[in-house]
Amino acid sequence: MSERVAVRKTYKLFIGGKFPRSESGRSYLVQDSNVSLASRKDARDAVVAARAAVKGWAGATAYNRGQILYRVAEMLEGRRDQFVALGAPADEVDAAIDRWVWYAGWSDKLPQVYGGANPVAGPYFNLSAPEPTGVVAAVAPEAPALLGLVSVIAPAIVTGNTVVVAASPAAPLAAVTLAEVLATSDLPGGVVNVLTGRLAETVPTLAAHMDVNAVDLTGVADAELAAELEVKAAENLKRVLRPAPADHDWYADPGLTRMTTLLETKTVWHPKGV
Amino acid sequence: MTATATSARSDLSELGRSETALRTFLHGLPGVDQVGAEQRAAQLGTRSIKTTAKAEAIDLAIRMVDLTTLEGADTPGKVRALAAKALRPDPSDPSCPHVGAVCVYPAMVPHVAEVLAGSGVHLASVATAFPSGQAPLEIKLADTRAAVAAGADEIDMVINRGAFLAGRFKEVYDEIVATKEACGDAHLKVILETGELATYDNVRRASWLAMLAGGDFIKTSTGKVPVAATLPVTLVMLEAVRDFRAATGRQVGVKPAGGIKTTKDAIKYLVMVNETVGPDWLDPDWFRFGASSLLNDLLMQRTKLTTGVYAGPDYFTLD
């Protein structure tokens, strides 16, 4: 009997719920695996997919979004070993799973903490409600690859935004494997889109794109590039999350800023009628 | 050679006189190779048009757009807004050309005419009991005359598909001739509604029938049935206008309508026009796109080329 030939995996992009190769046909080598090298056209396609997904995802109930995020945690739990085999420490995988659960819980609580009734000088109900800003372009931190990636995706999507995330160029395998988890977690296609490759190629396109509503520059280590991206983002007044400081502790309590920066507040005045 | 051409010309003008002659001629047209037509259309769709060629193609496509609204919910305000957009599709860029025409229902023609007067943008109106064409001839002709009287200089008529499919070619022919007469100076576009004709052979026959009867343009669809313009159908129609010009010397325009939504689609059509009938047809007088959402995509791509930044739909009008 001939010896069995192992099936080698090609790590592809994740756009609109599908796993396409880069439109450019390029790839690069990471840990002996071929990974797609995304072009600016892939970035454009990802924004189109993310925009198309906004209506359904922002329109889903907070309860439903929470359930889906919890489902991601379940699926990630089932693939623990795979992430460990790719080089993620076991405690990082645990922390990533816990982070999904933590954010899942916020889905129907954030509007109560961050919105609510405002006291006003007049016979009115004055109610503020947070709403998703739309399409968020995010840059994942270089390390920790899995926990850092989860920590930029989850706070953006839990409130109803959709995301195009540029994975860490040095550690894209965890990102693509996480995309496989997302694809099997009832998350509608296009809510999360993952691009792998050089940041300098895809991120400026995303930061300048007029159909992107916010940029999360967490993973941009180069201060000059970060400043350039902020200038591009200013063109249509995108919401901006600044790069994380080098000594940021990803295992600590994330706080609410990552979620609240990516929200718009809608305030309604209504006569009390008494 | 000259003698044959002349006799062919006179033969064609005689065809409309009898049902038998028309049927013999239309059924004598060579059949369309379905696989070949589809493969040819798909192959032409793979051409890569970039940078300056793309910029020129986009501007040409904008000039070819028949900006259309054919809804029961059309109001004078809505069509006036659309006409204003036709004049200045991108208000922030004066170098952006105006579109080819605005296409509306006859009742809306006077409101559009006010806005377009003297601008060079044509005013098209659908007529002849659009979109079904299922009304008595008198009513169809009155519909046409009313639209022309109100200021339309292009009439989009629908052929009687019921009669065509039943093989009553003379009836269809006579209706087109009568409508052409009712148009007066206005250009007549003949809508074949290819989605209801079932085969490419029928599309070829209907194209010839419309051209023999005097149509100035042949148009694929009303946009009101599920199957609208496709590349292979347009290819068959382009071949028909090419052969018709070779046989008679008269040039007829082509207008695919319905389902063309992106710049990429529009450029595929332009490539096909250039490769099938040549640059003579690459002009708004001879090729038009019946579309509404296409224009915004063309404008977004145009903005991308001029600014280098991908544009978003938030910055263009909803219509």
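Notes on the structure in this doc start here. (Residues numbered from 1 in each chain as written. Chains lettered and ligands numbered in written order. Predicted model: local features only at pLDDT ≥ 70, side-chain atom pairs only at ≥ 80, totals over all residues. Heavy atoms only, no water.)

1. Some points on the packing of aromatic side chains
Let me state the cut-off plainly: Aromatic contacts are taken between Phe, Tyr and Trp rings whose centres are within 6.5 Å, Trp giving its six-membered ring; a plane angle under 30 degrees counts as stacked, one over 60 as edge-to-face, and the others as tilted. The criterion for a charge sitting over a ring is simple: Lys NZ or Arg CZ within 6 Å of the ring centre, and within 35 degrees of the ring normal.
Enumeration according to the criterion identifies ten aromatic pairs over all chains in this entry. Here W102(A) and Y103(A) contribute two aromatic rings whose centre-to-centre distance is 5.0 Å and whose plane-to-plane angle is 85°, an arrangement assigned as edge-to-face. Taken together through their ring pairs, the aromatic side chains of W102(A), Y103(A) and W106(A) make up a single cluster. The side chain of K272(A) reaches across the aromatic face of F125(A), ending 5.9 Å from its centre. Across the ring face of Y310(B), the terminal group of K304(B) is positioned such that the distance to the ring centre comes to 4.9 Å.

2. Quick notes on helix α13 (residues 293-307) of chain B
Residues and elements named next belong to chain B. Convention followed: A helix here means a DSSP run of H or I that spans at least four residues, while a strand means a run of E at least two residues long, and both kinds are numbered starting from the N terminus. What a helix should span is 1.5 Å times the count of its residues minus one. In this scheme, a residue with accessible area under 20% of its type's maximum is buried, one over 50% is exposed, and one in between is partly exposed, where area comes from a 1.4 Å probe on protein chains only.
An ideal rise of 1.5 Å per residue puts 21 Å on 15 residues; α13 measures up with 22 Å between its terminal C-alpha atoms. Taking burial as the measure, the 15 residues of α13 include eleven buried ones, the bulk of the element. Downstream of α13 by a residue or two, G308 has a phi angle that is positive, lying close to 80°.

3. Notes on empty space enclosed by the protein
Over the atoms, a rolled probe matching the size of one water molecule traces out where space is still vacant. All names here are of chain B. This is how the line gets drawn: Residues are called lining when one of their atoms sits within 4 Å of a cavity or pocket point, these points coming from a 1 Å grid over the protein atoms alone, where a cavity is a set in which a 1.4 Å probe fits but cannot get out and a pocket is an open set with protein on both sides within 12 Å along at least five of seven lines. Grid points are joined across faces, edges and corners, and a volume is the space filled by probe spheres set on the points. Here the nonpolar group is Ala, Val, Leu, Ile, Met, Phe, Trp, Tyr, Cys and Pro; Asp, Glu, Lys and Arg are the charged ones; every other residue, Gly included, is treated as polar.
Counted by the stated rule, this structure contains one cavity of 30 Å³ or more. A volume near 40 Å³ is recorded for the largest cavity. Sorting elements by how many residues they give to the lining of the largest cavity places helix α10 (residues 200-212) first, with three residues. For the lining of the largest cavity, a count of residues per class yields three nonpolar, one polar and three charged.

4. A word on a nonpolar patch on the surface
For clarity, the cut-off: Patch definition: residues with relative accessible area over 30% and no salt bridge; like charges joined within 9 Å; nonpolar side chains (Val, Leu, Ile, Met, Phe, Trp, Tyr) joined within 5 Å. Methods summary: accessible areas were calculated by the Shrake-Rupley approach with a probe of 1.4 Å, and residue burial reflects only the protein chains presented. In the sections that follow, a salt bridge refers to a side-chain nitrogen of Lys or Arg positioned within 4 Å of a carboxyl oxygen of Asp or Glu.
A contiguous nonpolar surface patch, about 260 Å² in accessible area, is contributed by F125(A), L127(A) and V268(A). For F125(A), the location among the structural elements is in strand β5 (residues 124-132).

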